[in-house]
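Read off the chains here:
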Amino acid sequence: MKSKAKFIFFTGDKKIELIQEASALRVDGKIYCIDIFRNSSGACTITNGNKTFRLYCKKVSETEYDIWIKHHVLRLTVEDQKTTLINKYKKNVNFGALNTSVKAPMPGLITRIEVKIGEIVQPGQGLLVLEAMKMENEIRSSSNCIIKEIKVSDRMTVEKDQELFIIESLNSNLSNHGN
Amino acid sequence: MNKKINKILVANRGEIAVRIIRTCKELGISTVAIYSEVDQNAYHVRMADECYSVGAAPVRESYLNQNKIIEIAMRSNVTAIHPGYGFLSENPGFVELVNNNDLIFIGPGADAIRLMGDKTAARELASSLGIPIVPGTTKPLSSVDEAIEVANKLTYPILLKASGGGGGKGMRIINSDAELASGMRASQSEAESAFNDNRIYIEKYIENPRHIEVQILADNYGNVIHLGERECSIQRRHQKIVEESPSPFINEPIREKLTQTAIRLVKHSGYTNAGTVEFIFDQEKNFYYLEMNTRLQVEHPVTEMRIGFDIVREQISIAEGKPLTITQKDILFRGHAIECRIYAEDPANNFYPSTGRIHSIKSPQGLGVREDCGVQDGDEITTYYDPIISKLIAWGNTRDEARLRMIAALQDYELFGVRNNIALCIWIMNHQVYSEGIIDTNFLHRYFKPEMIEKYPDEILSIAAITIHKTEKDFAIESSAKPRGNCRSTWKNNLTDYMR
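Residues numbered from 1 in each chain as written. Chains lettered and ligands numbered in written order. Predicted model: local features only at pLDDT ≥ 70, side-chain atom pairs only at ≥ 80, totals over all residues. Heavy atoms only, no water.

*Asks:* Quick question: what am I supposed to make of the overall build of chain A here?
*Replies:* When its secondary structure is counted, chain A shows one helix and 17 strands. Considering chain A as a whole, with its 179 residues, one finds that 45% of them fall into the buried category. Counting only contacts in chain A whose residues sit at least 6 apart along the sequence, the fraction spanning at least 24 positions is 42%. In the structure as shown, chain A presents an accessible area of about 9500 Å², 49% of it carried by carbon and sulfur atoms. (Helix = DSSP H or I, 4+ residues; strand = E, 2+ residues; numbered from the N terminus. Buried < 20%, exposed > 50% of the residue type's maximum accessible area, 1.4 Å probe, protein only. Contact = heavy atoms within 4.5 Å. Areas by Shrake-Rupley, 256 points an atom, 1.4 Å probe, with all protein chains shown as cover.)

*Asks:* So what exactly am I meant to see when it comes to the interface of chain B and chain A here?
*Replies:* A common way to report how large an interface is uses the accessible area buried once the components associate. Taken together, the 67 residues of chain B in the interface contact 58 residues of chain A. Of the roughly 6300 Å² buried where chain B meets chain A, counting both sides, 63% is carbon and sulfur surface. Here chain B and chain A share four salt bridges between them. Across the salt bridge formed by Glu414(B) and Arg54(A), the nearest N and O atoms sit 2.5 Å from each other. (Buried area = accessible area lost by both parts, 1.4 Å probe. Salt bridge = Lys/Arg side-chain N within 4 Å of Asp/Glu carboxyl O.)

*Asks:* Explanation requested: the nonpolar core in the structure shown.
*Replies:* In globular proteins that are soluble, nonpolar side chains generally tend to be buried together. All names here are of chain B. In terms of nonpolar packing, the biggest core is built from 77 residues, with Leu 410, Ile 428, Met 429 and Leu 444 touching the most fellow members. Of the residues forming this core, the biggest block, eight residues, is contributed by helix α13 (residues 422-430). Split by domain, the residues of this core number at least three in each of domain 1 (7-106) and domain 3 (210-453). Those residues in contact with Ile 428 that sit more than four places away from it in its chain are Ile 234, Val 242, Tyr 434, Phe 443 and Leu 444. (Core = buried A, V, L, I, M, F, W, Y, C linked by side-chain atoms within 4.5 Å. Domains from an automatic or database assignment.)

*Asks:* When you look at the sheet that holds strand β10 (residues 99-103) of chain A in this model, what are you seeing that I'm missing?
*Replies:* Across a sheet, paired strands are connected by hydrogen bonds in the backbone, their directions being either parallel or antiparallel. All names here are of chain A. One open sheet accounts for four strands, arranged β10-β17-β15-β12; its pairing is antiparallel. Only two strands of the sheet have a single neighbouring strand rather than two, namely β10 and β12 (120-121). Two elements, strand β15 (residues 145-150) and strand β17 (residues 163-169), share five bridges in a ladder whose sense is antiparallel. Each bridged residue has a counterpart across the sheet, and for Ile 150 the counterpart in β17 is Phe 165. (Pairing = 2+ DSSP bridges.)

*Asks:* I would appreciate a short explanation of the domain arrangement of chain B in the present structure.
*Replies:* All names here are of chain B. Structurally, chain B comprises domain 1 (7-106), domain 2 (135-204), domain 3 (210-453) and domain 4 (458-499). Using C-alpha coordinates to define each centre, domain 2 is positioned 26 Å away from domain 3. Of the residues lining the interface, eleven residues belong to domain 2; the matching set on domain 3 comes to six residues. In this assembly, domain 2 packs against domain 3 so that about 610 Å² is buried in total across both faces, 44% of it on carbon and sulfur atoms. At the boundary of domain 2 and domain 3, one finds two salt bridges. Lys 169 is paired through a salt bridge with Asp 386; the nearest N and O atoms lie 3.5 Å apart. At the boundary of domain 2 and domain 3, one finds one residue pair in polar contact (both at pLDDT 80 or more). Residue assignment for the side of domain 2 that touches domain 3 shows that the elements contributing at least two residues are β6 (158-162), β7 (172-174) and β8 (200-204). Across the side of domain 2 that touches domain 3, the residue classes break down as four nonpolar, three polar and four charged. (Polar contact = N/O pair within 3.5 Å; in protein donor to acceptor, adjacent residues only side chain to side chain. Nonpolar A, V, L, I, M, F, W, Y, C, P; charged D, E, K, R; others polar.)

*Asks:* Before we go on, may I ask you to explain the pattern of salt bridges in this structure?
*Replies:* Pairing is possible between side chains that carry opposite charge, provided their charged atoms lie close to one another. All names here are of chain B. One pass over the structure, following the stated rule, counts 55 salt bridges over all chains. Lys 240 is the salt-bridge partner of Glu 213, the closest N and O atoms lying 3.1 Å from each other. Highlighted residues: Glu 213 in strand β9 (residues 210-218) and Lys 240 in strand β11 (residues 239-245), separated in sequence by 27 residues. A relative accessible area of 9% means that Lys 240 is categorised as buried.

*Asks:* Hey, could you run me through empty space enclosed by the protein in this one?
*Replies:* A water-sized probe rolled over the atoms picks out the places where empty space is left. Residues and elements named next belong to chain B. Taken as a whole and assessed by the stated rule, the structure comprises three cavities of 30 Å³ or more. The calculated volume of the largest cavity comes to roughly 80 Å³. Counted by class, the lining of the largest cavity contains six nonpolar, one polar and five charged residues. If you trace the second largest cavity, you find it lined by His 82, Pro 83, Gly 84, Ser 89, Phe 105, Ile 106, Gly 107, Pro 108, Thr 294, Arg 295, Leu 296 and Gln 315. For the lining of the second largest cavity, the domains that each give at least three residues are domain 1 (7-106) and domain 3 (210-453). (1 Å grid on protein atoms, 1.4 Å probe; cavity = no way out; pocket = protein on both sides within 12 Å on 5 of 7 lines; lining within 4 Å. Points joined across faces, edges and corners; volume = space filled by probe spheres on them.)

*Asks:* In this structure, what is going on with the packing of aromatic side chains? I would like to understand it.
*Replies:* This model, assessed by the stated rule, comprises 14 aromatic pairs over all chains. Residues Tyr56(A) and Phe416(B) carry aromatic rings whose centres are separated by 6.4 Å and whose planes lie at 15° to one another, so their mutual orientation is stacked. Taken together, the residues span two chains, with Tyr56(A) in strand β7 (residues 51-59) and Phe416(B) in strand β22 (residues 414-416). Residue Tyr56(A) is classed as buried on the basis of its relative accessible area of 2%. Residue Phe416(B) is classed as buried on the basis of its relative accessible area of 1%. Ring geometry for Phe443(B) versus Tyr447(B): centroids 5.2 Å apart, planes at 55°, classification tilted. With Phe443(B) and Tyr447(B) both in helix α15 (residues 443-447) and four residues apart, the pair spans about one turn of that helix. Put simply, the rings of Phe249(B), Phe279(B), Phe281(B), Phe287(B) and Tyr289(B) pair up and form one aromatic cluster. Sitting over the face of the ring of Tyr343(B), Arg236(B) holds its NZ or CZ atom 4.2 Å from the ring centroid. Here Lys285(B) stacks its cationic end above the ring of Phe249(B), 4.7 Å away from the centre of that ring. (Phe/Tyr/Trp six-rings, centres within 6.5 Å; stacked < 30°, edge-to-face > 60°. Lys NZ or Arg CZ within 6 Å of the ring centre and 35° of its normal.)

*Asks:* How should the pairing of strand β9 (residues 72-79) of chain A be read in this particular structure?
*Replies:* Within a regular strand, the side chains alternate between the two sheet faces. All names here are of chain A. Within β9, six of the eight residues are buried, leaving the element largely enclosed by the surrounding structure. Alignment of strand β8 (residues 64-69) against β9, held across six bridges, turns out to be antiparallel. Bridging from a neighbouring strand, Glu 64 pairs with Thr 77 of β9. Where β8 folds back on β9, the antiparallel hairpin that results is connected by two residues, among which Lys 70 adopts a positive phi of roughly 50°.

*Asks:* Just checking my understanding: could you explain the pairing of strand β11 (residues 108-113) of chain A for this structure?
*Replies:* All names here are of chain A. Examined bridge by bridge, β11 and strand β16 (residues 157-158) share two bridges and lie antiparallel to one another. The partner of Gly 108 across the bridge, within β16, is Val 158. Relative to strand β13 (residues 126-132), β11 runs antiparallel, the two being bridged by four bridges. Bridge assignment links Ile 110 to a residue of β13, and that residue is Leu 130.

*Asks:* What should I look at first to understand the domain arrangement of chain A in this one?
*Replies:* Domain parsing of chain A yields domain 1 (5-83) and domain 2 (95-169). Computed over C-alpha atoms only, the centres of domain 1 of chain A and domain 2 of chain A are separated by 32 Å.

*Asks:* It is not clear to me how helix α8 (residues 177-195) of chain B should be interpreted in this structure. Could you clarify?
*Replies:* The α-helix advances 3.6 residues per turn, and as a result positions three or four apart in sequence lie on the same side. For α8(B), with 19 residues, the first-to-last C-alpha span of 26 Å sits near the 27 Å given by 1.5 Å per residue. Those residues of α8(B) that fall on the buried side of the exposure criterion are Leu180(B), Gly183(B), Met184(B), Ala186(B), Ser187(B), Glu190(B), Ala191(B) and Ala194(B). Residues of α8(B) that are buried sit in contact with β14 (135-140) of chain A together with α7 (144-154), β6, β7 and β8 of chain B. Count one or two residues on from α8(B) and you reach Asn196(B), which has phi positive near 60°. (Expected span 1.5 Å × (residues − 1).)

*Asks:* When you look at the environment of Val95(B) in this model, what are you seeing that I'm missing?
*Replies:* Its place among the elements puts Val95(B) in helix α4 (residues 92-100). Once the C-alpha coordinates of Val95(B) and Ile81(B) are considered, the two residues, 14 residues apart in sequence, prove to be 9.4 Å apart.

*Asks:* Quick question: what am I supposed to make of the sheet that holds β6(B) here?
*Replies:* Residues and elements named next belong to chain B. Taken in spatial order, the three strands line up as β7-β6-β8 in an open sheet, and their pairing is antiparallel. In this open sheet, the two strands that pair with only one neighbour each are β7 and β8. Between one strand axis and the next, the sheet turns by 30° as a mean value, whatever way the strands run. Across three bridges, β6 lies against β7 in antiparallel orientation. (Axes fitted to C-alpha atoms, helices over the stretch in contact; angles between N-to-C directions.)

Written out as structure tokens, the structure reads:
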């Protein structure tokens, strides 16, 4: 039986370590005494010692949360013990080529698909054009890769983070954190 | 042509519709709002005395649906239509349709819009009056070959621009022949969807320009006055983020020359009502006529804050056929005003627009602070319309006082539920180069990197992590994640394990 539980959060490259102790929460080594009051709009008022903050938290996926606090908007990813293990394993094994997906950075209407299955694309090359809020936004490849699968079609409406393409990266230095 | 306006249909949505309705209320004028399917409960609809459905969400079927709008105007018995900005505000065909139905269009006449709103025709007029224009074509492009020829004569980089309207829609910087064909296609289709007009033209791209514009008012009796200038050099995707008045770049003699040039152009075009003449300044303080916006402009509150005068109110008065209620010498400029446009977009991710429900919006308040906002708690930001949520304006006796007041106001601004650019605006206001007034339209491109607004204080990060931890335990967090059958999140399982 454990008396402590550890949780790891990431925002970008920054790692935050939260330890739940018997009666306190310790974040990055510092003890916090926090009270949360929830109001009707879903926003919270947080008191941390002598300071008060307003905050809003929204769960965007199983492991991701968006937090609005003051004028900041941050995305925190929670990493549980299982993922920690997988990532550890990933770091030690060379997978070679790995299929990843290109996701829609915003909701919108697909007005033009600019690549075909099997096509090799260069970093910066346009993949498709997404129309949102009256502007055409070209979604460009961030890496040198092969288009393995096209998950969308012309004139289709997509949600934010919806998969657009499955790509196989042609670069050997794969990042092993995040997707 | 004198006709009292006692009921107005506002053919727009969002903050500008709200702002126009506010003035109408002050004047005791009844208001009619129109709404698309997704806007049924929008703030502007709630503000108006009456509201009518105008169609489905896409603008073509709603806010650009001219016949439907006229039908609503007739049915609701209005005297006049105020178009706001964007949508039908610079469409001469719509002005004629309004007039043919014995309604008043609050704005310039169809001929003046046709002349000045058509960017290429206006360039021709300015040029004929000896007003310097940015080098380029004064006729719309007919083919890619022609574009390549013109572009090479001007030398790259060049700008592609829409003939049919402004606001950055359809605008593209082109650096080589190779980019020209696809750039033209994109510009044309953007111009087509924004203005229903796919004509585009070329201008030489001026390096590090400053964008300074003059607000004018003109009545039907040949009186034209200016309300000073606004500098709008802080932009992204050719769209303005920060505007201010006066411009920190120009002195009194240049200001005099600039405002008189604007007045001369307006007088020669037969233009009436409120309008804005835009100029580009190069680093040597030479200015070139850029285009005229034949409508009320987004950033008009910057001017209003300095002169204490309601431009929309004067627009209505001019449309009623009255002479200007003020003369040039009545206009007294006082202090400095800055506006930040609050957009639903993510500056850390390419400025991509973001959508979602607003869970809390609390506007800053206090001396010299104004907010023109188009949404309230619980409203939804959709992909169908412009991402502007609100405009925050700060006034001060000096530029620095206005700037510091703006920073305090932005820090006080609570906007939960959609990603937004408040952190970016704070970053701009705090930037040394901005505080010294040394800005140009490449300011963000040159200085801004996403990580600059992604440096969070440790306390903020810790509180964020603790909140997730605690709320997952104590409450069900509102989730946009799609439930996957009965599978519980690993996070929850983890917690349960630990709690056992």
